[in-house]
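# Coordinate inspection notes
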Amino acid sequence: MKETYLGVNVSNLTYSALIEAIFADINKKKKSMIVAINPEKVMKAQDDPELKKLLNRADYQVPDGIGVVLASKLKGGKIKQRVTGIDMMLNLCEEAAERGKKVFLYGAKPGIAEEAKQELIRKYPNLQVSGTLDGYEKDETKIIETINEGNPDIIFVALGSPRQEYWILDHLDKISPSIFQGVGGSFDVISG
Ligand code: UDP
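Given the structure is predicted, the values throughout are model-derived calculations rather than measurements.

So, how was this worked out
Within any chain, residue numbers begin from 1 and follow the written order of that chain's sequence. Local features in this predicted model are restricted to residues whose pLDDT is 70 or higher, and side-chain atom pairs enter the listing and the counts only when it is 80 or higher, whereas totals over whole chains, interfaces and linings include all residues. At least two DSSP bridges between two strands are needed for those strands to be called paired. What counts as a helix is a DSSP run of H or I of at least four residues, what counts as a strand is a run of E of at least two, and both are numbered from the N terminus. Every angle, taken between N-to-C directions, lies between 0 and 180 degrees, and every axis is a line fitted to C-alpha atoms, over only the stretch in contact when it is a helix. Known as pLDDT, the predictor's confidence for each residue is given on a scale from 0 to 100. The exposure scheme places C-beta atoms from the backbone and then counts, for each residue, the other C-beta atoms within 10 Å of its own, assigning buried at 20 or more, exposed at 12 or fewer, and partly exposed in between. By definition, residue pairs are in contact when their C-beta atoms, positioned from the backbone, come within 7 Å. By convention a crossover is right-handed if, when the strands point away from the viewer, the path from the first strand over the helix to the second runs clockwise.

This next bit is on the sheet that holds strand S4 (residues 60–63). Strand order in the open sheet formed by six strands is S4-S3-S8-S7-S5-S6, and the pairing between neighbours is parallel. The sheet is open, and its two edges are formed by S4 and strand S6 (128–133), each paired on a single side. For this sheet, the mean inter-axis angle between neighbouring strands, taken without regard to orientation, is 20 degrees. When strand S5 (residues 102–107) meets strand S7 (residues 154–158), the two strands line up parallel, connected through five bridges.

Moving on to the confidence of the model for the protein. Taken residue by residue, the protein gives an average pLDDT of 96. The fraction at 70 or more is 100%. Averaged pLDDT values over the elements of the protein bottom out at 91 in helix H4 (residues 66–74) and peak at 99 in S7. For this predicted complex, the interface score ipTM comes out at 0.96, alongside a pTM of 0.97.

With respect to the helices and strands, Ile79 occurs in the loop between H4 and helix H5 (85–99). A tally of 23 C-beta atoms within 10 Å means that Ile79 is categorised as buried. Once the C-alpha coordinates of Ile79 and Ile26 are considered, the two residues, 53 residues apart in sequence, prove to be 24 Å apart. Among all residues touching Ile79, those that are not within four sequence positions of it are Glu3, Val10, Asn12, Pro63, Val68, Val69 and Ser72.

Turning to the pairing of S7, a few remarks are in order. Where burial is concerned, most of S7 is hidden: five out of the five residues are buried. Covered by surrounding structure in S7 are Ile154, Phe156 and Ala158 together with Ile155 and Val157, the residues of both alternating faces. Pairing of S7 with strand S8 (residues 179–182) involves four bridges; the strand directions are parallel. Considered in S8, the bridge of Val157 is made with Gly182. Between the parallel elements S7 and S8, the chain passes through helix H8 (residues 163–171) in a crossover that is right-handed.

Okay, here's the thing in structure tokens:
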């Protein structure tokens, strides 16, 4: 269920189908990577074949940009709705709270992920955040241990793009979460 724009795949599942597919992956313990596709990433990918491959390697490419929605409309495609990376993250948190799944927040400057955690719990009181870690920790063993400790189902990675996407690819099989989403500056936004 993908459409391709300038060589970059975009998922054309509806929002609710996307959420159901992701939680089905969690229940099967399948590893999946979510990436938000915006015009900036599509343009960068034109001169960077490795980045293009990486974006296409993701399991779910959410259409984060009105350009993708318009392009789909022009080509008679099925993408009707823009899904920003941060909205996807908030929706996953809301659903995780309802379905008893745990999330981990990794990235941003020291203290920010913790503030974002407090804000998310205020919004979704049943949300289980298994832990947080800033994006400037250099000790690889510590990073892996801290994430694995609370056995999260979903990890949000806020290291900026495309660094976070490369980090995800490198860690998919090294750490316990099932779902990996790169979220850029979202923790800064959520923490206010
Ligand atoms: N960041 C990080 N570690 C780094 C470099 C950046 O955790 O080594 C964080 C930074 O603090 C910010 C986020 O990554 O929270 C990048 O946000 P930006 O809005 O620049 O990313 P974009 O959405 O443009 O990918």
